[in-house]
Amino acid sequence: MAARTNLRSDIGAVRFLNVHEYISMELFQAHGIKTPNCKVADTPEEAEKLFLNDLNTPGTPMKDVVIKAQVLSGGRGLGTFKNGFQGGVHMCTKPGMAQDYAAKMLGEELVTKQAPNGILCNKVLLMERMYMRREMYLSILMDRASQGPLMVCSPRGGTSIEDVAQTNPEVIFTEPITLEVGLTDEACNRMASNLGLDEGSEGHAKAVTLMKNLYQMFIDSDCTQIEVNPLAETPEGEIVVCDAKVNFDDNAEYRQKDIFARRDTTQEDPREVAASAYDLNYIGLDGNIGCMVNGAGLAMSTMDIIQLKGGSPANFLDVGGGANEEQVQKAFEILNADEKVEAILVNIFGGIMRCDIIATGIINAAKEIGISKPIVIRLQGTNVEAAKKLIQECGFKFILANDLEDAAQKAVGVADIAAQAAKIEVGVTFD
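Per chain, the residues get numbers from 1 upward, laid out in the order the sequence is written. Local features are withheld for residues below a pLDDT of 70 in this predicted model, meaning they are given only at 70 or higher, and side-chain atom pairs are given and counted only at 80 or more; totals for whole chains, interfaces and linings count all residues. Values reported for side chains reflect all heavy atoms of the structure, with hydrogen atoms and water molecules removed beforehand.

Caption draft 1: Molecular detail of the side chain of D356. Strands are runs of DSSP state E lasting at least two residues, helices are runs of H or I lasting at least four, and both sets are numbered from the N terminus onward. Within the fold, D356 resides in helix 11 (residues 355-369). Exposure is judged per residue with a 1.4 Å probe applied to protein chains only, and the accessible area is read against the type maximum: over 50% gives exposed, under 20% gives buried, and values in between give partly exposed. For D356, a relative accessible area of 12% corresponds to the buried category. Apart from residues lying up to four places away in sequence, D356 is in contact with N383, A386, A387 and L390. Throughout, a residue-residue contact means that at least one pair of heavy atoms, one from each residue, lies within 4.5 Å.

Shown next as structure tokens:
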């Protein structure tokens, strides 16, 4: 089977809500988890004021402060802003530096390995510099194998845990957690020792307390992942969360309204933001054939056969079994507005989803927004004859297909023609 087109790596679907670092730090503090002193700023002037008056005390020796671009992407420190400024993480050591760095970050797009197209920086986080005796790794995540939360730790933090797992798997430790029992004292003691902390020491005891609080936050906030890297032990013996990534299950939005209200849609693919407002399962890809399918399995199969026929899907779009005409129309608006899409393939197997509802949504979209791209339709199942009748009598020129292979072949063909015509600036219609 052909390899599937990769999902866009810069901005992706909100299967699990991801929040900015400063929000994560606020949540840690609310759950009794120690973090560095930090403040968030929206303007260069505010950043300088926080540096001088909040993270430093006038009249005392100046303390170093780290300034971090707040973007939902890893690899910020090695990134480059589109204005040419290097790095999304910098050290401020004297007056004027915070304002200067913030001015070069705010309102600019940061390009990283995870965000090759750039991602907008609207805020910066100023954080006290931490001096670390040791850097450790600690996370809690939902684990498919153990069917519940799993705590993972390593005494080697401050670097990529994936690299550690590859080179030194023996220093990564796991502890499955039973939801009915919760995180036990025995498990916390084992994991604190696995971090390299001496049992009976103050640091060991503080790590145990931090783990319990971290697990309580995981449960209370409906997290799917809390990844702390590094977890630091300071020269004073404190155990501090210095940097972290936190994800939340979006099925729990109804009971985590305060957290989900802080979702930053500027960090997401605007097509996916529009789709989620209508409960459409949409993920942007990098091809030129827009797909609208009902059922995730059928959607994946449709993308596969498009590639087998030499084409490339522009998206994953599952309208589900209970979509209404309005949702179908919105789906077409999203596909039609995508500049990369040269053709649209509709593949519906009507079981719960009636074919006539899909047909009506397509026709309404054509009437409302004047769909300008060739549309290939393959319908099968409930009310298929009624759907075909609606399509044939609507007055619009749609391309009907007998089966999925036929539909994919036609979609790839018309997308090819449209792409070639666009290159030589020739208009083309499909009658």
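Caption draft 2: Spotlight on the sheet that holds strand 5 (residues 89-92). A pair of strands counts as paired when DSSP detects no fewer than two bridges linking them. The sheet built from four strands is open, its strands ordered 2-8-3-5 with antiparallel pairing. Two strands in the sheet have a free side with no partner beyond their single neighbour: strand 2 (38-41) and strand 5. Each strand axis lies, on average, 25° off the axis of its neighbour in the sheet, ignoring direction. With four bridges connecting them, strand 3 (residues 65-69) and strand 5 associate as antiparallel partners. Within strand 5, the position partnered with V65 by the bridge is C92. Lines fitted to the C-alpha atoms define the axes, with helices restricted to the stretch that makes contact. Angles between their N-to-C directions range from 0 to 180 degrees.

Caption draft 3: Fine view of the pairing of strand 14 (residues 244-249). Pairing geometry for strand 1 (residues 16-18) and strand 14, over three bridges, is antiparallel. For F16, the partnering residue across the bridge sits in strand 14 and is D249. For strand 12 (residues 223-233) and strand 14, the ladder comprises five bridges, and the chain directions are antiparallel. Bridge pairing in strand 14 links C223 to F248.

Caption draft 4: Quick look at the packing of aromatic side chains. When the centres of two rings from Phe, Tyr and Trp lie within 6.5 Å, Trp using its six-membered ring, the rings pair. Their planes under 30 degrees apart give stacked, over 60 give edge-to-face, and anything left gives tilted. The tally for this structure, following the rule as stated, stands at four aromatic pairs. For the ring pair Y215 and F218, a centre distance of 6.5 Å and an interplane angle of 15° mean the geometry is stacked. Of this pair, Y215 and F218 both sit in helix 6 (residues 202-220), three residues apart, roughly one helical turn. Using a relative accessible area of 8% as the deciding quantity, one classes Y215 as buried. For F218, a relative accessible area of 3% translates into the label buried. What links up through ring pairs into an aromatic cluster is the set F81, F85 and Y101.

Caption draft 5: Region of the structure containing helix 11. Here helix 11 spans 21 Å end to end across 15 residues, near enough to the 21 Å set by a 1.5 Å rise per residue. With respect to burial, helix 11 is a largely interior element, 11 of its 15 residues being buried. By the burial criterion, the buried members of helix 11 are C355, D356, I357, I358, A359, T360, G361, I362, I363, A365 and A366. Against strand 16 (289-293), helix 10 (325-337), strand 18 (343-350), strand 19 (375-381) and helix 12 (384-393) lie the buried residues of helix 11. What a helix is expected to span follows from its residue count: subtract one and scale by 1.5 Å.

Caption draft 6: Structural detail: helix 5 (residues 185-194). For helix 5, the full list of buried residues reads A187, C188, M191 and A192. One side of helix 5 holds all its buried residues, which, seen down the axis, span an arc of 130°. Those residues of helix 5 hidden inside the fold are in contact with strand 10 (148-154), strand 11 (173-176) and helix 6. Note on helix 5: the residue one or two positions beyond its end, G196, has a positive phi of about 95°. By definition, the arc is the one covered by directions from the helix axis to the C-beta atoms.

Caption draft 7: Looking closely at the nonpolar core. In this structure, F28, M211, I226, L231, V241 and F248 are the most contacted members of the largest nonpolar core, which totals 43 residues. Looking at this core element by element, the count peaks at eight residues for helix 6. Contact partners of V241, with chain neighbours within four places excluded, come to M25, F28, I33, K34, T35, P36, L210, V228, P230 and L231. Nonpolar cores were defined as sets of buried Ala, Val, Leu, Ile, Met, Phe, Trp, Tyr and Cys residues, with membership established by side-chain atoms within 4.5 Å. Of all hydrophobic cores here, the second largest spans 35 residues; its members include A275, I348, I375 and C394.

Everything listed here is a matter of coordinates, which is why it stays silent on function.
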